[in-house]
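Letter by letter, the chains look like this.
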Amino acid sequence: MQIILATSNKGKVKEIRSLFDGDEVVPFVQLLGPMEIEENGETFAQNALIKAKTIFEKLGQDDVIVVSDDSGITVPLLGNEPGIYSARYAGEGASDRDNLMKLVKELGKKGAKEAPAYYTAAIAVVTKDTEYVMHGWMHGKVIDTPRGEGGFGYDPIFIPEGFDKTLGELPAETKKSLSHRSKALGIAKPIIEMLKEQAK
Ligand code: IMP
């Protein structure tokens, strides 16, 4: 049974693929072409479900499992911004770098060189009969100077709890062992296995 990813974010596709070794994991764009999905939910969970259900309906196939990820970073000092707006913090169509620099600017406005922060991932799993949403979190802090080229998004300014390097500097394997996405997918994986068995 094919696992279709309801995301075209290359960073996410790479991380999700690395957790499903041996399974056929196909980003939806390969089947449907590029498509904008309006994320008008109020929570990560709602947005993850909107993405997965939209792709499931567009595919019009019963024999697939659609997996989506809605995620972002929350900074309590900034009134919990950017949260579900992480991908468009600096405006619609903003790049990862624009969003990161906007966060740095907002820290500066508060006179802070660093602040506690956490990533959230909501993973939705949708089939013809059922839907699930799982969450994972990674706590740490954001700093006012980007460091390193690894990861994606806000990773060059995020230092996970217990480390002194950013996710931009740490190896991908370290991020994999700690990340919000890995934790949520760790819960999703046995559910996906079960759904695959049931479909046989
Ligand atoms: P989404 O694609 O609407 O879920 O937006 C997710 C946004 O949150 C991304 O564009 C990144 O800016 C940010 N984000 C989510 N997960 C990560 C991560 O693991 N590292 C860095 N940034 C992340």
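Preceding this paragraph is the structure being described.
What you are looking at is a predicted structure, and each value in this text was computed from that prediction instead of being measured.

Chemist: Talk me through the overall build of the protein; I want residue IDs and the actual numbers.
Modeler: Summing up its helical and strand segments, the protein has six helices and seven strands in all. The order of α-helices and β-strands along the protein, N terminus first, is β-α-β-α-α-β-β-α-β-β-β-α-α. Scaling as 2.2 N^0.38, a compact globule of 200 residues should have a C-alpha radius of gyration of about 16 Å, and the protein matches this with 17 Å. Along the three orthogonal principal directions, the C-alpha set of the protein runs to about 55 × 30 × 25 Å. Relative to its full complement of 200 residues, the protein shows a buried share of 48%. Accessible surface, the protein as shown: approximately 10000 Å² in total, 50% of it carbon and sulfur. Measuring between centres, the 25 positive side-chain charges of the protein sit 4 Å from its 30 negative side-chain charges.

Chemist: An account of the packing of aromatic side chains is needed here, citing residue identities and associated values.
Modeler: Each aromatic ring pair is summarised here by two numbers: the centre-to-centre distance and the angle between the ring planes. Applying the stated rule across the entire model yields one aromatic pair. Across the ring face of Tyr89, the terminal group of Lys102 is positioned such that the distance to the ring centre comes to 5.1 Å.

Chemist: Pulling in residues and values, what's your account of the nonpolar core?
Modeler: Judged by nonpolar contacts, the single largest core of 21 residues is most densely connected at Ile73, Leu103, Val142, Tyr154, Ile157 and Phe158. Taken together, the elements giving at least two residues each to this core come down to β3 (64–75), α4 (96–109), β5 (114–126), β6 (131–143) and β7 (158–160). The leading source of residues in this core is α4, at four residues. Excluding residues within four positions of it along the chain, Ile157 makes contact with Leu100, Leu103, Val104, Lys141, Val142, Ile143, Thr145, Pro146 and Thr166. The next biggest cluster of nonpolar side chains, apart from the first, holds 18 residues, and it includes Phe28, Val64, Ile84 and Ala122.

Chemist: An account of the site of the ligand is needed here, citing residue identities and associated values.
Modeler: Taken together, 18 residues sit near the ligand, with Lys12, Phe152, Asp155, Lys175 and Arg181 positioned nearest. For the ligand, an oxygen atom lies 3.2 Å from a polar atom in the side chain of Glu39. In the model, a nitrogen atom of the ligand is placed 2.7 Å from a nitrogen or oxygen of the Asp155 side chain. Burial of the ligand by the surrounding chains reaches 94%, relative to a free accessible area of 490 Å². Mapping the ligand onto the cavity grids shows that it belongs to the largest pocket. Mapped onto the shell around the ligand, the elements with two or more residues apiece are β3 and α6 (180–199). Take the shell around the ligand: its biggest share by element is four residues, from β3.

Chemist: How would you sum up the packing of helix α1 (residues 10–19) against α6? Please name residues and give values.
Modeler: One can describe the packing of α1 onto α6 by two numbers: an axis separation of 11 Å at closest approach and a directional angle of 45 degrees. Comparing their axes, α6 and α1 come out oblique. Pair α1 / α6 crosses with right-handed handedness. In this structure, α1 contributes Lys12, Glu15, Ile16 and Leu19 to the contact, and α6 contributes Arg181, Ser182, Leu185 and Lys189. Partitioning the contact of α1 with α6 into residue classes produces three nonpolar, one polar and four charged.

Reading guide: rules and limits
- Residues numbered from 1 in each chain as written.
- Predicted model: local features only at pLDDT ≥ 70, side-chain atom pairs only at ≥ 80, totals over all residues.
- Heavy atoms only, no water.
- Helix = DSSP H or I, 4+ residues; strand = E, 2+ residues; numbered from the N terminus.
- Rg over C-alpha atoms; globule rule 2.2 N^0.38 Å.
- Buried < 20%, exposed > 50% of the residue type's maximum accessible area, 1.4 Å probe, protein only.
- Areas by Shrake-Rupley, 256 points an atom, 1.4 Å probe, with all protein chains shown as cover.
- Lys, Arg positive; Asp, Glu negative; His and termini not counted.
- Charge placed at Lys NZ, Arg CZ, Asp CG, Glu CD.
- Phe/Tyr/Trp six-rings, centres within 6.5 Å; stacked < 30°, edge-to-face > 60°.
- Lys NZ or Arg CZ within 6 Å of the ring centre and 35° of its normal.
- Core = buried A, V, L, I, M, F, W, Y, C linked by side-chain atoms within 4.5 Å.
- Contact = heavy atoms within 4.5 Å.
- Near = heavy atom within 4 Å.
- Polar contact = N/O pair within 3.5 Å; in protein donor to acceptor, adjacent residues only side chain to side chain.
- 1 Å grid on protein atoms, 1.4 Å probe; cavity = no way out; pocket = protein on both sides within 12 Å on 5 of 7 lines; lining within 4 Å.
- Sits in = over half its atoms within 2 Å of the grid points.
- Axes fitted to C-alpha atoms, helices over the stretch in contact; angles between N-to-C directions.
- Parallel < 35°, antiparallel > 145°, perpendicular 65-115°, else oblique.
- Left-handed = near helix turned anticlockwise from the far one by under 90°.
- Nonpolar A, V, L, I, M, F, W, Y, C, P; charged D, E, K, R; others polar.

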